[in-house]
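# Observations on chain architecture
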Amino acid sequence: MAHPTDIFRDDNPERSIRTASAMTRAFIQGAGLADHPTIKDLEMGLTMAQSMGLTRDDLDVIYAMGFQKLTGADFKAAEDVFAYLVMIDPLHAPNHYCLGVSRQAQARHDEAEMAFLGFLAMDATNPVGYLRLGECRQAQGDRKMALEAFSLAEAECLKGHGDTLTLQEARAKRALVDQEQPA
């Protein structure tokens, strides 16, 4: 029997989306949730946070709690907060970034990478996202993709999307990877 995530390995993205949507609808129906107000709100395009009636101020308080955990090096607690925020407020790019940082700090680079990709999907000109993505790829031994990510960070800085320190960091990271011996 195929694993449910196999639908995402399909080479036809549209078919994968249709399959995932059908599976989700079947689950909602089977669980008797089709008429639940939150499900109705989500179907109308609201985020979970909006459905819950949370304001940006409310979400900022939760974010501040997570950031406090992150800066206090309580990475697991920070991950829990930011994973929750990504779930209920998925369109706020910093939630994805901080989730990635908390996972990267725990050396869970593949999971951190996914969070940074979510961040970059919403903030594609932010060089810091490319730096973190490059670090994850480098930690996983993918020298080529690390170089590409660091080069993208540098390019975004040169377009005016990053400061001098970020540009210097991108160049330094790229130079270090350039010096590494290919695997």
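As shown above, the structure is provided for reference.
Computed from a predicted structure; not experimentally measured. (Residues numbered from 1 in each chain as written. Predicted model: local features only at pLDDT ≥ 70, side-chain atom pairs only at ≥ 80, totals over all residues. Heavy atoms only, no water.)

### What about the overall build of the chain?
How we decide: Each helix corresponds to a stretch of at least 4 residues labelled H or I by DSSP, and each strand to a stretch of at least 2 residues labelled E; elements are numbered beginning at the N terminus. Burial classification: accessible surface area is computed with a 1.4 Å probe over protein chains only, and a residue below 20% of its type maximum counts as buried, one above 50% as exposed, and the rest as partly exposed. Positive charge is attributed to Lys and Arg, negative charge to Asp and Glu, and no charge count is given to His or to the chain ends. Positions of charges follow a simple convention, taking NZ of Lys, CZ of Arg, CG of Asp or CD of Glu.
Helix and strand content of the chain: 10 helices and 0 strands. For the chain, the succession of helices and strands along the chain, N to C, is α-α-α-α-α-α-α-α-α-α. Taking the principal axes of the C-alpha coordinates as reference, the chain spans close to 60 × 45 × 30 Å. Taking all 183 residues of the chain together, the buried fraction comes to 34%. A distance of 4 Å separates the average location of the 18 positive side-chain charges in the chain from that of its 27 negative side-chain charges.

### A few points about the pattern of salt bridges
Stated formally: For this analysis, a salt bridge means a side-chain nitrogen from Lys or Arg found within 4 Å of a carboxyl oxygen belonging to Asp or Glu.
Under the counting rule described, the total for this entry stands at 17 salt bridges. Of the charged contacts in the structure, one is a salt bridge between Lys76 and Asp80, with a shortest N-O distance of 3.0 Å. Of the two residues, Lys76 and Asp80 both sit in helix H5 (residues 75-88), 4 residues apart, roughly one turn of that helix. The partner of Glu154 in a salt bridge is Arg174, and the shortest N-O contact between them spans 2.1 Å. A residue pair is termed long-range when its members are at least 10 positions apart, and Glu154 in helix H9 (residues 143-161) and Arg174 in helix H10 (residues 164-179) qualify at 20 residues. You can call Arg174 partly exposed: its relative accessible area is 26%. The structure contains a network of salt bridges with shared partners spanning Lys76, Glu79, Asp80, Arg103, Arg108 and Glu111.

### Some thoughts on the side chain of Glu79
Filter applied, for reference: Distance and chemistry together define a polar contact, namely a pair of N or O atoms within 3.5 Å, with one atom able to donate a hydrogen and the other to accept it when in protein, and with adjacent residues in sequence counting only for side-chain atoms on both sides. Whether two residues are in contact is decided by their heavy atoms, any of which lying within 4.5 Å being enough.
Structurally, Glu79 can be placed in helix H5. For Glu79, the side chain forms a polar contact with the side chain of Arg108, separated by 2.6 Å. With sequence-adjacent residues up to four places away left out, Glu79 is seen in contact with Leu99, Ser102, Arg103, Gln106 and Arg108.

### Examining the side chain of Asp89
Its place among the elements puts Asp89 in the loop between H5 and helix H6 (93-104). Residues within four places of Asp89 in sequence aside, it is in contact with Arg56, Leu59 and Asn95.

### Digging into the nonpolar core
Nonpolar side chains in soluble globular proteins tend to be buried together. Formally: By nonpolar core is meant a set of buried Ala, Val, Leu, Ile, Met, Phe, Trp, Tyr and Cys residues that side-chain atoms within 4.5 Å join together.
Counting residues in each nonpolar core, the largest one holds 29 residues, and the members touching the most others are Phe82 and Leu85. Those elements that provide at least two residues to this core are helix H4 (56-71), H5, H6, helix H7 (109-122), helix H8 (127-139), H9 and H10. Excluding anything up to four places from it in sequence, Leu85 contacts Leu59, Ile62, Tyr63, Pro90 and Asn95.

### Observations regarding the packing of H8 against H10
Using the following cut-off: In this analysis, axes come from line fits to C-alpha atoms, helices being fitted only over the stretch in contact, and the angle between any two N-to-C directions falls in the range 0 to 180 degrees. Convention used here: angles under 35 degrees read as roughly parallel, angles over 145 as roughly antiparallel, angles from 65 to 115 as roughly perpendicular, and any remaining angle as oblique. Throughout, a crossing is termed right-handed when the near helix is turned clockwise from the far one, and left-handed when it is turned anticlockwise from it by less than a right angle. Lys, Arg, Asp and Glu make up the charged group, whereas Ala, Val, Leu, Ile, Met, Phe, Trp, Tyr, Cys and Pro make up the nonpolar group; the residues left over, Gly among them, are polar.
Where H8 contacts H10, the two axes come as close as 10 Å, and the packing angle between them is 20°. Taken together, the axes of H8 and H10 lie roughly parallel to each other. As for the relative orientation of H8 and H10, their crossing is left-handed in sense. Mapping the contact onto sequence places Pro127, Val128, Leu131, Arg132, Glu135 and Gln138 in H8 and Thr166, Glu169, Ala170, Lys173 and Val177 in H10. Classifying every residue of the contact of H8 with H10 by side-chain character gives 5 nonpolar, 2 polar and 4 charged.

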